[in-house]
Amino acid sequence: MQIGMVGLGRMGAGLVRRLLKAGHSCAVTDRDAETVRQMAAEGALGSTTLEAMVRTLAPPRVVWVMVPAGGPTEAVIAELASLLERDDVVIDGGNTFFQDDVRRARELAPKGIHYVDVGTSGGVWGAARGYCLMIGGETEVVRRLEPIFASLAPGVGEIARTPGRPAGRGSAEEGFLHCGPVGAGHFVKMIHNGIEYGLMQAYAEGFDILANAASKEVDESHRYSFDLAEIAELWRRGSVVSSWLLDLGAAALVADPALDGFTGFVQDSGEGRWTIETAIAESVPADVLSAALYARFRSRREHTFAEKLLSAMRAQFGGHREPGKR
């Protein structure tokens, strides 16, 4: 298929590389002209403006927006609304609040422009591993775009089929899923990120306790000096707490055992907040996820080993840097 990509940051460039490798035609644009030139050298058709990129696409056009949520995404979609035509498709693959998806789809509908929201997980590793895609939109439009989603997703790979799951039930085991109408994809991704906060916080607090096991505040007969990198590696092997996040934590501890390269200042993407707000709206208790979000707020005032590990894991999976660091 042919697709336009707006935004060539950590995720956008990875998406394009994976699509090119699968044989799709990609037209790209970004505010950074050098990034556009780099992607053009890899086989994409580069444009310096959004308007020029749209002109290179044959109708019905598909344009994937991969810029920061909020103002930047709003501006790009507003411009696309003036450039695209009936039956064209706008895909928002960023970390957008699902209610904004519903509004945008409603605003584009009178022009006959379709809107699809795609919660995209995979971070800087997605280009090689594949991206987990949570999709919202009209059924027929999503079905039309399946070749794109299938190319971006990891596929079944070496992961064993869930016991009792019927073969051919759906695309979830391929790594992409049409979750429902517009907004459903980002809703599922929002909860995904809320859970991610809780998992990361659990690892961080556990390793913080291990790191302080030799503290002078503990009775001398009960003190232990643990090799945290080795414990992380141990837990990766057959433990019930093994996960990709633990894999990344283990890698961070090997590279920097004391995590001296991190201050412990932990940002939140916004989706953790939206998860808690949604839980409140639904009257659903979310004790762990709420505590994990507040821990990130606390990290900006006082830093512990736990916060350093949180920051290190974010750097591992998403390339996120602490303020003031490159």
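Residues numbered from 1 in each chain as written. Predicted model: local features only at pLDDT ≥ 70, side-chain atom pairs only at ≥ 80, totals over all residues. Heavy atoms only, no water.

A. Structural detail: the overall build of the protein chain. The number of helices and strands found in the protein chain is 14 helices and eight strands. With the C-alpha coordinates aligned to their principal axes, the bounding extent of the protein chain is approximately 75 × 45 × 40 Å. Here the protein chain holds 326 residues, and the buried ones make up 47% of them. Sequence separation of at least 24 residues holds for 69% of the intrachain contacts in the protein chain that already meet a minimum separation of 6. Carbon and sulfur atoms form 55% of the exposed surface of the protein chain, whose accessible area is close to 16300 Å². Averaging the coordinates of the 34 positive side-chain charges in the protein chain and doing the same for the 41 negative ones gives two points 3 Å apart. (Helix = DSSP H or I, 4+ residues; strand = E, 2+ residues; numbered from the N terminus. Buried < 20%, exposed > 50% of the residue type's maximum accessible area, 1.4 Å probe, protein only. Contact = heavy atoms within 4.5 Å. Areas by Shrake-Rupley, 256 points an atom, 1.4 Å probe, with all protein chains shown as cover. Lys, Arg positive; Asp, Glu negative; His and termini not counted. Charge placed at Lys NZ, Arg CZ, Asp CG, Glu CD.)

B. The packing of helix H9 (residues 184-211) against helix H14 (residues 305-318), seen in detail. Taken N-terminus to C-terminus, the directions of H9 and H14 make an angle of 135°; their axes are 8 Å apart at the nearest point. The angle between the axes of H9 and H14 places the two elements in the oblique class. Note on packing geometry: the crossing formed by H9 with H14 is right-handed. Each of Glu196, Met200, Gln201, Tyr203, Ala204, Glu205, Phe207, Asp208 and Ala211 in H9 lies in contact with H14, whose residues at this interface are Phe305, Ala306, Leu309, Leu310, Met313, Arg314 and Phe317. (Axes fitted to C-alpha atoms, helices over the stretch in contact; angles between N-to-C directions. Parallel < 35°, antiparallel > 145°, perpendicular 65-115°, else oblique. Left-handed = near helix turned anticlockwise from the far one by under 90°.)

C. Broad picture of unusual backbone geometry. In this structure, the amide linkage connecting Pro59 to the following residue, Pro60, adopts the cis form with an omega of -5°. Its place among the elements puts Pro60 in the loop between helix H3 (50-56) and strand E4 (62-65). In this structure, Ser283 takes a positive phi of about 55° despite not being glycine. Counting through the fold element by element, Ser283 comes out in the loop between helix H12 (271-282) and helix H13 (287-299). Given a relative accessible area of 65%, Ser283 falls into the exposed group.

D. Quick look at the pairing of strand E5 (residues 89-92). Burial of the side chains of E5 extends over both faces: Val89 and Ile91 are buried on one face and Val90 and Asp92 on the other. Bridge count between E4 and E5: four bridges; the pairing is parallel. Along E5, the bridge assignment pairs Val65 with Asp92. Tracing the backbone out of E4, into helix H4 (residues 71-83) and back to the parallel element E5 gives a crossover that is right-handed. Bridge analysis of E5 against strand E6 (residues 114-121) gives four bridges, and the strand direction is parallel. (Pairing = 2+ DSSP bridges. Right-handed = clockwise from strand over helix to strand, strands pointing away.)

E. Quick peek at the packing of H9 against helix H10 (residues 228-235). The contact between H9 and H10 brings their axes to 11 Å, and the two run at 135°. Taken together, H9 and H10 sit at an angle that is classed as oblique. With respect to the hand of their crossing, H9 and H10 are arranged in right-handed fashion. Contacts from Phe207, Leu210 and Ala211 in H9 reach Leu228, Ile231, Ala232 and Trp235 in H10. In terms of residue class, the contact of H9 with H10 is made up of seven nonpolar, no polar and no charged. (Nonpolar A, V, L, I, M, F, W, Y, C, P; charged D, E, K, R; others polar.)

F. A look at the pattern of salt bridges. A full pass over the atoms with the stated rule returns 21 salt bridges. Of the charged contacts, one joins Arg236 and Asp247 as a salt bridge, the two residues approaching to 2.7 Å between their closest N and O atoms. Here Asp247 lies in helix H11 (residues 244-255) and Arg236 lies in the loop between H10 and H11, a separation of eleven residues in the sequence. Here the salt bridges share partners, and the residues they tie into one network are Glu74, Asp92, Asp100, Arg103, Arg104 and Glu107. (Salt bridge = Lys/Arg side-chain N within 4 Å of Asp/Glu carboxyl O.)

G. Structural detail: the nonpolar core. Grouped together as the largest cluster of nonpolar side chains are 32 residues, with contacts concentrated most on Val16, Val28, Trp64, Val116, Leu145, Ile148 and Phe149. For this core, the element with the most residues is helix H1 (residues 10-21), which contributes six residues. Not counting residues within four places of it along the chain, the set of residues in contact with Trp64 comprises Ile3, Gly4, Met5, Val6, Leu15, Ile91, Gly93, Val118, Thr120, Ile148, Phe149 and Leu152. Counting 26 residues, the second-largest nonpolar core is a separate cluster that includes Ala232, Leu309, Met313 and Ala315. (Core = buried A, V, L, I, M, F, W, Y, C linked by side-chain atoms within 4.5 Å.)

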